[in-house]
Amino acid sequence: MMIKQLFKNPFILITSVAFLLQTVMLVLFYALPDPLGLSMSEMFAGKTIWQIFMAYGAILVMSSIFTFLKSPRALAVFYVFYFFFAIADYEVFRFNHQRLSYSFIRTYFHISNITDATTVSTLGGDGFGTVLWVGLIFLILAGGIAFCVTYSMRQKRMTMAQIAIAQKPNKRIAVTMLSSGLTLSLIPLLLFIIGARGVTNFPFQIDWRFTLGKYTLTAPVLHIAGLETFEFFRDGYSITDELIQDLDAFLPADFASARSDKNYPGYRDASQHEFKATRPYNIVFIFGESYKGRVLNQMLEGDTTIAPALWKMANVGGLWFKNAFSGSYPTVRGTTSTYLGFPSHPNRDVPAFYASNHFKGFQEYLTNYHRAYMTVSNPVFDHTLPFVERFYGDNWRVAEEPKILGTSDSLGMDLAIEMLKTMPTDSAWFLAANTIATHIPFYGYPDSYAAKPEDAMVRFKNALRYTDEQMGRFFEALYERPDFDRTVVVVLGDHDTPVDSIDYKVPQPLGVAAAQIFMGIFSADTNLFKGLEIREDVASQLDIGPTILDLAQVRAPNHFWGYDLLTEKRPAEQPALFYTQNAYYLGFRDSVLTGGLESDEVYKGKNGNFELVSDSLSLYWKSRAVGTSKVVRSLLRNDNMLPH
């Protein structure tokens, strides 16, 4: 009888429904397949219990607040919004392995993305799961509306005395909810502090090895929102001499001496190093979607069937970088690093507002060049439209929608060949293009071209060969041009992408931070290259800007933090640097270091296998990376990247 009476209390009823919804979400998350077929329970070993305790704890704490306020309808409305974002967070993570941050919302929640072909094909990797999640959202919305309407009608029929009697136990209920919620939230933290370990076998297995991490599924969206809000206001650090020393650890040796203004520590006068180019070269710049260095480097071992057209282009002469790293995942971080020449903002995909930030892409330095761009995907999708409009004006085109599924790269290269024909032969030009077939989940080639099995690596290689064939048609048109011998082709991946279990050996919460990409710079001009040189030194997307400025004979002050790959080599003991969400990633030639910006754990990896390390050199570089992250935050938050 008492239980029946309790469920007449709207706060208990709503909280019980919230518990049920949270349980359904957890079951769906772990039961539905990942688009790559990976085990979610394996990916989040040591974090599942942490997530469960905090998720239910958050529900109790929030319910207690509205119970104290005596606002059941407000509680129902709150949970409609809370679970909408929580479901979106779960679904986004399943398909992108990213958390639902302010940055992600600003980047991807654009109306044109809902119907974008890339988004549709990605969601097509698990249509049943998507239907379940979307159905749950509509169910929550309908339930919230039904409760508010029913409760309002019931209140109208009650007398003031009846309302007072109904609200009498609310204070006790609120206190119980609050204390229970706080206890649930603190239990995993206490177990983490005391170092709980081991596995207990119930009808299901519980891993008591607690590991923290904001950007894994360890906490509900409410906790993330709190942290994101805090970090939004915290980003403006004061730049000290010590932080500038951290920054200098990753910059070319002459960068500090070339600074013209200490208020802009990431900006330098024109570099005085030796330059290779003696004339301005035509430049073809191709972003290969998810061009994985781990796969394409296999061609150096003899398997040139992976991308034969690219292999033919490489052998006209040039540089092939075996140890090249992107500015992180997703595409917008890679484009930020490549175009703008500085690492992506930790916790922010790009500078907060493009129009108000003072920076220049390397394209803007090519003032005497005819510039054009071909894209096979809506540039809004990866939040690159501001780049495109700023760098190319109206001189960019999108490939037409394919009538045959999977032919986007074919149509894109058709368009690129058309645009190549418009390039002058008596003056310098810059033509950029991107590809799409190798976008996760790797279904971007025609059904008639090759099979699409469950094995994601097979699909990736099929898609890569399809893109390569289409790119080969463009290369053939390029070979026929009279100015081919003064043209340089730059091909690189926008980022790495998870394909198989090897890509998940990077310790969470860092996920796909291990972004080893393909990077090559090719030209038949023997004044630049004497055949194909395989480079072992570390290269980064940050190095593309200085290299292109050399090729274009631009000798100007700039904010590109990298090296001119034609004449400079990063010192063997210095890593390439980038940030992904709340983590840093340092790429050396033979290993990588990675970890959270706000955690003490440092991981060292070789050949995809990572282990915790605590040697003084690793801790030194971790400290430098954290300090540099504060410089990046301050420069972008305070608009001090480039003098106004």
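Each remark here, short or long, concerns the structure printed above.
Presented here is a report on the structure given in the accompanying data block. Here the structure is a predicted model, which is why all the values come from computation and not from measurement.

What counts, and where the lines are drawn
- Residues numbered from 1 in each chain as written.
- Predicted model: local features only at pLDDT ≥ 70, side-chain atom pairs only at ≥ 80, totals over all residues.
- Heavy atoms only, no water.
- Salt bridge = Lys/Arg side-chain N within 4 Å of Asp/Glu carboxyl O.
- Helix = DSSP H or I, 4+ residues; strand = E, 2+ residues; numbered from the N terminus.
- Buried < 20%, exposed > 50% of the residue type's maximum accessible area, 1.4 Å probe, protein only.
- Contact = heavy atoms within 4.5 Å.
- Expected span 1.5 Å × (residues − 1).
- Patch = residues over 30% accessible without salt bridge, like charges linked within 9 Å, V, L, I, M, F, W, Y side chains within 5 Å.
- Areas by Shrake-Rupley, 256 points an atom, 1.4 Å probe, with all protein chains shown as cover.
- Pairing = 2+ DSSP bridges.
- Axes fitted to C-alpha atoms, helices over the stretch in contact; angles between N-to-C directions.
- Core = buried A, V, L, I, M, F, W, Y, C linked by side-chain atoms within 4.5 Å.
- Phe/Tyr/Trp six-rings, centres within 6.5 Å; stacked < 30°, edge-to-face > 60°.
- Parallel < 35°, antiparallel > 145°, perpendicular 65-115°, else oblique.
- Left-handed = near helix turned anticlockwise from the far one by under 90°.
- Nonpolar A, V, L, I, M, F, W, Y, C, P; charged D, E, K, R; others polar.

For the rest of this paragraph, the subject is the pattern of salt bridges. What the rule picks out here adds up to 18 salt bridges. Of the charged contacts in the structure, one is a salt bridge between Arg624 and Asp246, with a shortest N-O distance of 2.7 Å. Here Arg624, found in helix H21 (residues 616-637), pairs with Asp246, found in helix H13 (residues 241-248); they are 378 residues apart in sequence, far enough to count as distant. No difference in accessibility class separates Arg624 from Asp246, as the two residues are buried.

Moving on, we come to the side chain of Ser328. By the element assignment, Ser328 lies in the loop between strand E4 (318-325) and helix H16 (331-340). For Ser328, the residues in contact, after removing those within four places along its chain, are Arg333, Gly334, Asp494, His495, Phe578, Tyr579 and Thr580.

To continue, consider helix H18 (residues 408-421). The end-to-end C-alpha separation of H18 is 20 Å, in line with the 20 Å expected for 14 residues at 1.5 Å each. Burial of H18 is extensive: eleven of the 14 residues sit out of reach of the surface. Within H18, burial applies to Ser408, Asp409, Ser410, Leu411, Gly412, Met413, Leu415, Ala416, Ile417, Met419 and Leu420.

Turning our attention to a nonpolar patch on the surface. A cluster of nonpolar side chains, contributed by Val134, Phe138, Leu141, Ile145, Val149 and Met153, occupies part of the molecular surface with about 560 Å² of accessible area. Examined against the element boundaries, Ile145 turns out to sit in helix H9 (residues 127-157).

Relative to the elements of secondary structure, Leu431 occurs in strand E7 (residues 429-434). Spatially, the C-alpha atoms of Leu431 and Arg371 are 6.0 Å apart, while their sequence positions differ by 60 residues. Those residues within four positions of Leu431 in sequence are excluded, and the remaining contacts are Ile283, Val284, Phe285, Ala372, Tyr373, Ala416, Met419, Leu420 and Phe474.

One open sheet accounts for five strands, arranged E11-E12-E13-E14-E15; its pairing is antiparallel. Looking at strand neighbours, the two that pair on one side only are strand E11 (576-580) and strand E15 (609-613), the edges of this open sheet. Strand-to-strand twist in this sheet, taken as the mean axis angle between neighbours without regard to direction, amounts to 25 degrees. Packing against the sheet, H21 makes contact with E11, strand E12 (583-587), strand E13 (592-596), strand E14 (602-606) and E15, and its axis sits at approximately 60 degrees to E11.

Take the nonpolar core next. Ranked by internal contacts, the top residues of the largest apolar core, which has 67 residues, are Phe285, Phe362, Phe430, Met519, Trp561 and Leu586. Of all the elements, H21 adds the most residues to this core, at seven residues. In this structure, Phe362 is in contact with Phe285, Thr338, Tyr339, Phe430, Ile544, Gly545, Ile548, Leu549 and Phe560, ignoring residues within four places of it in sequence. In terms of nonpolar packing, the next biggest core, distinct from the first, is built from 47 residues, Ala372, Ala399, Ile417 and Ala456 among them.

In this description, a pair of aromatic rings is defined by centroid distance and the angle of the planes. Counted according to the given criterion, the structure contains 33 aromatic pairs. Ring geometry for Phe285 against Phe287: centres 5.1 Å apart, planes inclined by 80 degrees, an arrangement best described as edge-to-face. We note that Phe285, like Phe287, is buried. Between Tyr339 and Phe362, the ring centres sit 6.0 Å apart and the planes meet at 70 degrees, which makes this aromatic pair edge-to-face.

Glancing now at the packing of H13 against H21. Across the interface, H13 lies against H21 with an axial gap of 8 Å and an inter-helix angle of 115 degrees. The angle between H13 and H21 falls in the class roughly perpendicular. H13 and H21 meet at a crossing whose hand is left-handed. In this structure, H13 uses Leu243, Gln245, Asp246 and Leu247 to contact H21, whose residues at the interface are Ser623, Arg624, Gly627, Thr628, Lys630 and Val631. Within the contact of H13 with H21, the residues separate by chemical class into three nonpolar, four polar and three charged.

What follows concerns the pairing of E15. Pairing geometry for E14 and E15, over five bridges, is antiparallel. Within E15, the residue paired with Lys604 across the bridge is Glu611. Here E14 hands over to E15 after two residues, with Asn607 in that stretch at a positive phi of 55 degrees.

Now for the sheet that holds E4. A sheet is described by the order of its strands in space; here eight strands give the open sequence E6-E5-E7-E3-E8-E9-E4-E10, paired in mixed fashion. Among the strands making up the open sheet, the edge pair consists of strand E6 (396-398) and strand E10 (532-540). Adjacent strand axes in the sheet meet at a mean angle of 15 degrees when their direction is disregarded. Pairing geometry for E4 and strand E9 (residues 516-522), over six bridges, is antiparallel. When the bridges of E9 are listed, Trp320 appears paired with Gly520. Of the strands in this sheet, strand E5 (370-375), E6 and E7 are in contact with H18, which crosses E5 at around 165 degrees. Its contacts with the sheet put helix H19 (residues 456-479) on strand E3 (282-288), E7 and strand E8 (487-493), and the angle it makes with E3 is roughly 175 degrees.

With that settled, consider unusual backbone geometry. Of the consecutive residues Ile440 and Pro441, the connecting peptide bond is found in the cis state with omega at 10 degrees. Mapping Pro441 onto the fold places it in the loop between E7 and H19. A positive phi angle, close to 60 degrees, is found at Lys70, a residue other than glycine. Relative to the elements of secondary structure, Lys70 occurs in the loop between helix H4 (48-68) and helix H5 (72-96). Phi at Gln553 is positive, roughly 60 degrees, even though this residue is not glycine. Locating Gln553 in the fold gives a position in the loop between helix H20 (544-551) and E11. Overall, Gln553 belongs to the partly exposed group, its relative accessible area being 32%.

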